[in-house]
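Coordinate inspection notes
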Amino acid sequence: MKRILARGEAGFDAELERLVSRDVDDTAAAEGVVREILARVRAEGDAAVLELTARFDRVELTAADLRIPEAALERAWHAISDADRSALELSAERIRAFHARQLDRTWLVEETDGVVLGQRVTPLDSVGLYVPGGKASYPSSVLMNAIPARVAGVGRIAMVCPTPDGETNPHVLAAAWLAGVREVYRVGGAQAVAALAYGTASIPAVDKIVGPGNIYVATAKRLVFGTVDIDMVAGPSEILVVSDGSGHPAHVAADLLSQAEHDEMATVVLVTTERGFAAAVVDEVEQQLARLPRQDTARCSWEERGGVFVVETLEQACQVANRFAAEHLELAVERPWEVLGRIRHAGAIFLGHHTPEALGDYAAGPNHVLPTAGTARFFSPLGVEDFIKRSSLVGFTSPALEKLAPQVMHLARLEGLEAHARAVELRVGRKG
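Residues numbered from 1 in each chain as written. Predicted model: local features only at pLDDT ≥ 70, side-chain atom pairs only at ≥ 80, totals over all residues. Heavy atoms only, no water.

1. Side note on helix α2 (residues 28-44)
For α2, spanning 17 residues, the distance from its first C-alpha to its last is 24 Å, which sits close to the expected 24 Å at 1.5 Å a residue. Taken together, the buried positions of α2 are occupied by Ala 30, Glu 31, Val 34, Ile 37, Leu 38 and Val 41. Within α2, the buried residues cover an arc of 130° as seen down the axis, which keeps them to one side. Away from its buried face by more than 90 degrees, α2 exposes Ala 29, Glu 36 and Ala 43. Where the residues of α2 are buried, they touch α3 (46-57), α8 (189-198) and α9 (215-224). Immediately downstream of α2, the backbone of Gly 45 shows phi near 65°, a positive value. (Helix = DSSP H or I, 4+ residues; strand = E, 2+ residues; numbered from the N terminus. Expected span 1.5 Å × (residues − 1). Buried < 20%, exposed > 50% of the residue type's maximum accessible area, 1.4 Å probe, protein only. Arc of directions from axis to C-beta. Contact = heavy atoms within 4.5 Å.)

As structure tokens, this is what we get:
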């Protein structure tokens, strides 16, 4: 039975710090393997991709087999059930509507003497989308990554998806068709990330790589950053629930398990002001675990990376939440909007008893690609802004240049950059 720790009790601070630190498996071993894969793909191109795919995914392909035909994507869309299509369409529409509100705009402002300053917003030329495949089915990840890119106006979206033992997931392909993705490759792992970053004869390089993956995929993304941009290096799933003892313990237990079933390394935490409520949640977790198809995974997460903490006030609960900076934060309280102002760090915040985290994974609208491992202190959810870039616009007239020339030349010479100063001096005909 999970131990409940109250603030001030022995072990409270140590256990909280253990969970806040998210001490996960050392990536050193994975990094060595990934570096070798990246180097091979960069040097050998398709040949390395094909050999590594045969080794890791147990499927023999030729270069001509790498790309899945558009017709196969369309067939997958029509082959799934009406209920599946309806659910995907509803999710896609809500995701599209939410992200359309994030669109940034080009703007200009005209100052005196004809000075024009501004910002030009342009979409990225190309983006690579990594999606887990095979027996795993994550069509929601296709929608969450591809739709913001399309809203932003990205010209080319290339999707990579592993097909272990040759198994192609129809729902992933159907989601790609729905999201407007027409370039899909049957390759995964670090070799897919390498192909997208460096390019091969069959898989042209992209400017940015987004999407979830295992430790090898995440490590590969981290190592190719700089050659290409990436969305983030995501860790295992996590949820923290703040409770004031209102609501139903079964609901909170279910929400904790909704993340625990993702991964043995998922972190699930309850912080409440009511010890009796905490005990009821622990009982519910045990009962619900027995009925979960992914019981072994969820139990490992709960027992190894689950925490139940009792504090005296909601203010203290919010302090814990901010320290944790959770990927998913539920404010399971009677008046969530009154508590919201105390929260500074969270990837996504779910307000009230009728807003389970699972809603955000599929159909609420906001993106489910969120910062993990405490990086919500400085990272944001995936959004349209991740698929655009900004260029500054500067336009001066001769009188405007004359006005600023003395200060510009003075600062240039202050820094010992004479050529900078002369670039201005030659235009205005005087020394600063």
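2. With respect to the side chain of Thr 200
With respect to the helices and strands, the residue Thr 200 is situated in the loop between α8 and β8 (208-210). A distance of 2.6 Å separates polar atoms of two side chains, one belonging to Thr 200 and the other to Asp 46. Beyond its immediate stretch of four places on either side in the chain, Thr 200 contacts Val 41, Gly 45, Asp 46, Val 49 and Ala 195. (Polar contact = N/O pair within 3.5 Å; in protein donor to acceptor, adjacent residues only side chain to side chain.)

3. As for the sheet that holds strand β6 (residues 156-160)
If you walk across this open sheet you meet the 6 strands as β2-β7-β6-β5-β8-β9, and the pairing is mixed. Edge strands, defined here as strands with exactly one partner in the open sheet, are β2 (67-68) and β9 (229-230). Direction of pairing for β2 relative to strand β7 (residues 183-185): antiparallel, over a ladder of 2 bridges. Each bridged residue has a counterpart across the sheet, and for Arg 67 the counterpart in β7 is Tyr 185. Packed on one face of the sheet, helix α6 (residues 139-152) meets β5 (126-130), β6 and β8 and runs near 165° to β6. Relative to the sheet, α8 contacts β5, β6 and β8, its axis offset from that of β5 by approximately 175°. (Pairing = 2+ DSSP bridges. Axes fitted to C-alpha atoms, helices over the stretch in contact; angles between N-to-C directions.)

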